[in-house]
Amino acid sequence: MAVFPWHSRSRNYKAEFASCRLEAVPLEFGDYHPLKPITVTESKTKKVSRKGSTSSTSSSSSSSVVDPLSSVLDGTDPLSMFAATAEPAATDSSRKRRDRDENSIVGSDFEPWASKRGEILARYTTTEKLSINLFMGSEKGKAGTATSAMSEKVRTRLEELDDFEEGSQKELLNLTQQDYVNRIEELNQSLKDAWASDQKVKALKIVIQCSKLLSDTSVIQFYPSKFVLITDILDTFGKLVYERIFSMCVDNRSVLPDHFSPENVNDTAKETCLNWFFKIASIRELIPRFYVEASILKCNKFLSKTGISECLPRLTCMIRGIGDPLVSVYARAYLCRVGMEVAPHLKESLNKNFFDFLLTFKQIHGDTVQNQLVVQGVELPSYLPLYSPAMDWIFQCISYHAPEALLTEMMERCKKLGNNALLLNSVMSAFRAEFIATRSMDFIGMIKECDESGFPKHLLFRSLGLNLALADPPEGDRLQILNEAWKVITKLKNPQDYINCAEVWVEYTCKHFTKREVNTVLADVIKHMTPDRAFEDSYPQLQSIIKKVIAHFHDFSVLFSVEKFLPFLDMFQKESVRVEVCKCIMEVFIKHQQEPTKDPVILNALLHVCKTMHDSVNALTLEDEKRMLAYLINGFIKMVSFGRDFEQQLSFYVEARSMFCNLEPVLVQLIHSVNRLAMETRKVMKGNHSRKTAAFVRACVAYCFITIPSLVSIFTRLNLYLHSGQVALANQCLSQADAFFKAAISLIPEVPKMINIDGKMRPSESFLLEFLCNFFSTLLIVPDHPEHGVLFLVRELLNVIQDYTWEDNGDDKIRIYTCVLHLLSAMSQETYLYHIDKVDSNDSLYGGDSKFLAENNKLCETVMAQILEHLKTLAKDEALKRQSSLGLSFFNSILAHGDLRNNRLNQLSVNLWHLAQRHGCADTRTMVKTLEYIKKRSKQPDMGHLTELALRLPLQTRT
């Protein structure tokens with residue numbers, strides 16, 4: 001192909017805009033307005049017959065204009081219709097039955113046992129050695145042969161049960177706590193395996209053996225955790241038995257409903273169920289017999305409607321035979337637990353269980369227990385908390401949805417028992433916070449008079465504080481409550497006891513009092529936790545205090561005026577904890593700070609907080625953590641505003657740059673902020689800078705020029721150079737703008753082939769193409785420097801593009817050259833498409849000078865030669881489709897920007913059209929649309945030459 005000269009066509013941008021504008025159609029509004037509500041036509045249809053398709057319809061409309069979309073908003077869409085018909089009218093009987101079923105189910109507001117399990121296991125541990133009786137299985141436990149008679153099987157199983165109770169077990173001694181837990185888990189798995197292999201008697205033996213362990217209090221501190229582990233096995237056994245019997249009720253003809261009655265249960269299932277209860281009744285020892293029967297309490301549903309209600313009182317009475325008060329209270333807790341699962345509506349039985357417990361409560365301080373504690377070397381303050389999990393659970397069960405009168409009764413019973421601290425603590429932990437809060441002063445009076453032996457008063461005040469954090473006491477009592485509680489808390493000598501209480505009461509103080517009282521509390525915490533660096537052991541509680549304070553003080557000018565707040569932060573000496581606290585503070589600030597601030601107190605404090613976060617960044621910090629810290633610091637920077645004091649604002653950004661230099665996103669935000677500051681200055685001056693504002697804008701530009709090279713990401717630098725150059729240009733800083741653009745051009749050779757995007761390596765050419773297209777749009781309005789010749793920036797950029805190493809199998813270089821051709825064509829116009837106010841672009845500087853146009857055309861010819869040379873290299877089989885696509889793209893560029901009245905350029909366009917179709921690789925649909933567009937344009941004024949061109953552009957089929 002020969003070299004073709006380029007001739008740009010003259011453009012009248014205003015006329016082109018006018019021709020592209022949508023045609024205005026007159027509209028008679030009448031009563032119609034787009035924002036006025038529309039009444040949708042309501043249609044009523046009456047069917048004539050079930051089979052026929054005809055129907056008579058009557059419709060009425062209050063508006064002549066109907067919006068088809070507004071019917072969705074008027075409730076006639078399918079979802080609204082479904083919602084309207086979702087709750088059909090129900091009969092009184094069905095509604096009552098449904099309400100009764102809902103009342104019998106424990107709601108989501110009831111804290112399940114599973115949520116307490118982990119806390120108990122973590123809290124009640126021991127270093128003493130434990131023992132366990134491990135069941136030694138025998139072949140007798142296997143199911144009999146098919147020829148055995150039923151009576152023989154029953155007799156054999158009873159003999160096996162007797163054999164187990166007589167000693168078919170092995171005692172393992174000197175087990176650590178972890179070994180003990182592992183053995184229990186092995187027993188749990190053995191239970192499941194035995195059941196799966198149809199060794200039901202063996203499974204029962206395992207459960208009996210495990211239940212016996214609950215009578216052993218030789219290592220008394222571990223008993224609550226042992227209870228949790230053993231009852232897990234009991235729960236598994238109860239579930240297996242219930243599912244087994246339930247499955248026997250299902251046959252091919254019917255399925256047992258969820259709310260079934262004993263009449264729905266077949267005789268085989270009932271017989272099997274009775275067999276299980278008879279086996280359990282034959283267990284000689286009380287504790288395993290109680291626990292195993294309680295575990296299958298739900299199975300009574302298969303036998304009679306009143307089975308559960310009859311068994312609960314009997315099991316409650318059985319517990320009276322357990323002499324050890326600790327074992328007894330946990331047995332009661334298990335009965336409450338099972339009772340709440342299977343029959344939560346039988347509150348009378350649960351209450352009876354509790355009142356039985358109160359009658360025997362004084363046993364805790366009896367001689368038997370005291371002697372046992374002496375033998376084990378356990379002090380009463382360590383012994384009494386062992387009751388807490390069981391008592392708290394019992395109280396939770398009986399207080400669930402209980403009336404306020406029950407609390408009054410409990411308080412009276414506590415007084416009769418001498419205001420026992422353990423009992424009082426459980427009452428406050430179980431009942432609704434609203435009930436406790438309204439009686440706060442009564443509880444404080446009881447706490448003062450309570451029997452503190454073994455259970456300190458500060459724990460009672462902690463429990464009271466937990467309730468007051470959830471519910472408000474009477475307004476007149478609030479200050480007295482705080483004073484009474486803090487009198488006790490501040491006298492605590494043990495730092496751990498002190499901080500556990502103070503943490504709870506800080507929230508109450510923040511909620512109901514001013515910064516003065518909060519400052520007093522914080523000062524007291526600092527006083528107690530500073531000696532001997534006690535704060536190092538209480539970071540979680542101190543963090544909790546900070547979170548509670550900032551959760552209630554959203555006005556940071558008030559927060560930082562609290563004198564002891566920053567000294568309180570100084571107690572966080574461990575870096576990881578200190579950073580987490582700073583993150584919490586910044587999250588609250590970003591969330592709740594509505595208006596920009598220039599308050600020096602806030603700025604100094606938060607700069608210190610942000611500096612702490614920034615300084616924690618090192619080579620090992622994860623990228624996600626860096627992103628999070630940068631987000632928080634940027635949130636702070638965005639909220640700082642000194643109003644019209646732009647110099648002070650710039651000084652703040654200078655200081656921030658020196659403080660946060662290790663976080664690239666923060667530096668990027670600072671550059672954007674400074675650029676915005678320069679544009680705000682321009683807006684205030686309405687583009688007419690004074691000597692002072694011009695110097696200030698140059699200072700902003702210099703800030704950006706100095707900061708950008710410190711960034712790592714090359715495309716971030718490129719885009720910021722371009723953006724900052726645009727800002728400099730808008731503020732008439734021409735030499736500075738040239739410096740930005742030259743820096744961007746010199747940086748392009750450093751762009752690597754692959755870049756990291758969200759942790760994945762991707763080719764960089766598409767990103768470079770996008771950047772260069774934006775760059776070309778800016779270069780159109782950049783005036784030439786008088787000392788550097790015509791189009792010096794474009795020439796430098798073309799040299800860089802030519803020298804850059806592009807992908808061999810890619811066409812991005814040619815796409816860039818095509819964009820350059822568009823740029824040069826736009827530069828040859830008498831008046832450019834857009835301008836910057838107060839900046840003379842080349843159309844004003846050169847005024848259509850022939851030398852300038854000649855230089856422009858030379859560049860165009862050079863670029864065209866590169867494009868055509870590349871098209872020649874694609875004349876290979878594997879590249880023909882690319883050649884066709886690029887040829888058509890270049891044709892469209894000539895059509896849009898070239899003067900096709902020039903014969904040689906016209907011939908080139910015809911050659912490109914044929915090239916695009918030569919090997920049958922062209923998109924025929926695109927070619928057809930292109931030709932239609934040419935014919936349409938040929939009808940416009942001064943476009944008659946396109947008619948001849950259209951005749952020279954044939955469409956070829958693929959064949």
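Remember, it's a predicted structure, so these values are computed and weren't measured experimentally.

Caption draft 1: Highlighting the packing of aromatic side chains. Under the criterion given, the structure shown has 39 aromatic pairs. Taken together, a centroid distance of 6.5 Å and an interplanar angle of 45° make the contact between F535 and Y539 tilted. Residue classification places F535 among the buried positions, given a relative accessible area of 5%. Their ring planes at 55° and their centres at 6.4 Å tell us that F642 and F652 sit as a pair that is tilted. Here F652 lies in helix α32 (residues 646-659) and F642 lies in the loop between α31 (623-638) and α32, a separation of 10 residues in the sequence. As far as the burial class goes, F642 and F652 line up, both buried. By the ring-pair criterion, three or more aromatic residues cluster together here, those being F110, W113, Y223, F227, F290, Y291, Y330, Y334, W393 and Y400. Geometry around W195 places K200 over its ring, the cationic atom sitting 4.9 Å from the centre.

Caption draft 2: Representation of empty space enclosed by the protein. Taken as a whole and judged by the stated rule, the model has 3 cavities of 30 Å³ or more. Of the volumes computed, that of the largest cavity is approximately 40 Å³. In terms of lining residues, the largest cavity is bounded by L779, V782, P783, D784, L791, F792, L793, V794, M827 and N842. With 3 residues, the top contributor of residues to the lining of the largest cavity is helix α38 (residues 792-803). When the residues that make up the lining of the largest cavity are grouped by side-chain class, the tally is 8 nonpolar, 1 polar and 1 charged.

Caption draft 3: Region of interest: the confidence of the model for the chain. Per-chain confidence: the chain averages 83 in pLDDT, with 84% of residues scoring 70 or above. The model gives residues 82-104 a pLDDT under 50, and that stretch makes 3 contacts with residues more than four places away or in other chains. Across residues 136-150, confidence stays below pLDDT 50; counting only partners more than four residues off in sequence or on other chains, it has 9 contacts.

Caption draft 4: The arrangement of the side chain of R439 in detail. Its place among the elements puts R439 in the loop between α20 (433-438) and α21 (440-449). The buried category is assigned to R439, whose relative accessible area is 16%. One polar contact links R439 to T408, side chain to side chain, over a distance of 3.1 Å. With sequence-adjacent residues up to four places away left out, R439 is seen in contact with E404, L407, T408 and M411.

Caption draft 5: Region of the structure containing the environment of S828. Note that S828 resides in the loop between α39 (812-827) and α40 (842-846). We classify S828 as buried; its relative accessible area is 18%. Measuring from C-alpha to C-alpha, the distance between S828 and N857 comes to 8.5 Å, with 29 residues separating the pair along the chain.

Caption draft 6: Quick peek at the pattern of salt bridges. This structure, assessed with the given rule, holds 28 salt bridges. For K583, the salt bridge identified is with E580, shortest N-O distance 3.3 Å. With K583 and E580 both in helix α29 (residues 575-592) and 3 residues apart, this pair spans about one turn of that helix. Owing to a relative accessible area of 35%, E580 belongs among the partly exposed residues under this scheme. Counted as one network, the salt bridges with shared partners bring together R9, R11 and E16.

Parameters and conventions
Residues numbered from 1 in each chain as written. Predicted model: local features only at pLDDT ≥ 70, side-chain atom pairs only at ≥ 80, totals over all residues. Heavy atoms only, no water. Phe/Tyr/Trp six-rings, centres within 6.5 Å; stacked < 30°, edge-to-face > 60°. Buried < 20%, exposed > 50% of the residue type's maximum accessible area, 1.4 Å probe, protein only. Helix = DSSP H or I, 4+ residues; strand = E, 2+ residues; numbered from the N terminus. Lys NZ or Arg CZ within 6 Å of the ring centre and 35° of its normal. 1 Å grid on protein atoms, 1.4 Å probe; cavity = no way out; pocket = protein on both sides within 12 Å on 5 of 7 lines; lining within 4 Å. Points joined across faces, edges and corners; volume = space filled by probe spheres on them. Nonpolar A, V, L, I, M, F, W, Y, C, P; charged D, E, K, R; others polar. pLDDT = per-residue confidence, 0-100. Contact = heavy atoms within 4.5 Å. Polar contact = N/O pair within 3.5 Å; in protein donor to acceptor, adjacent residues only side chain to side chain. Salt bridge = Lys/Arg side-chain N within 4 Å of Asp/Glu carboxyl O.

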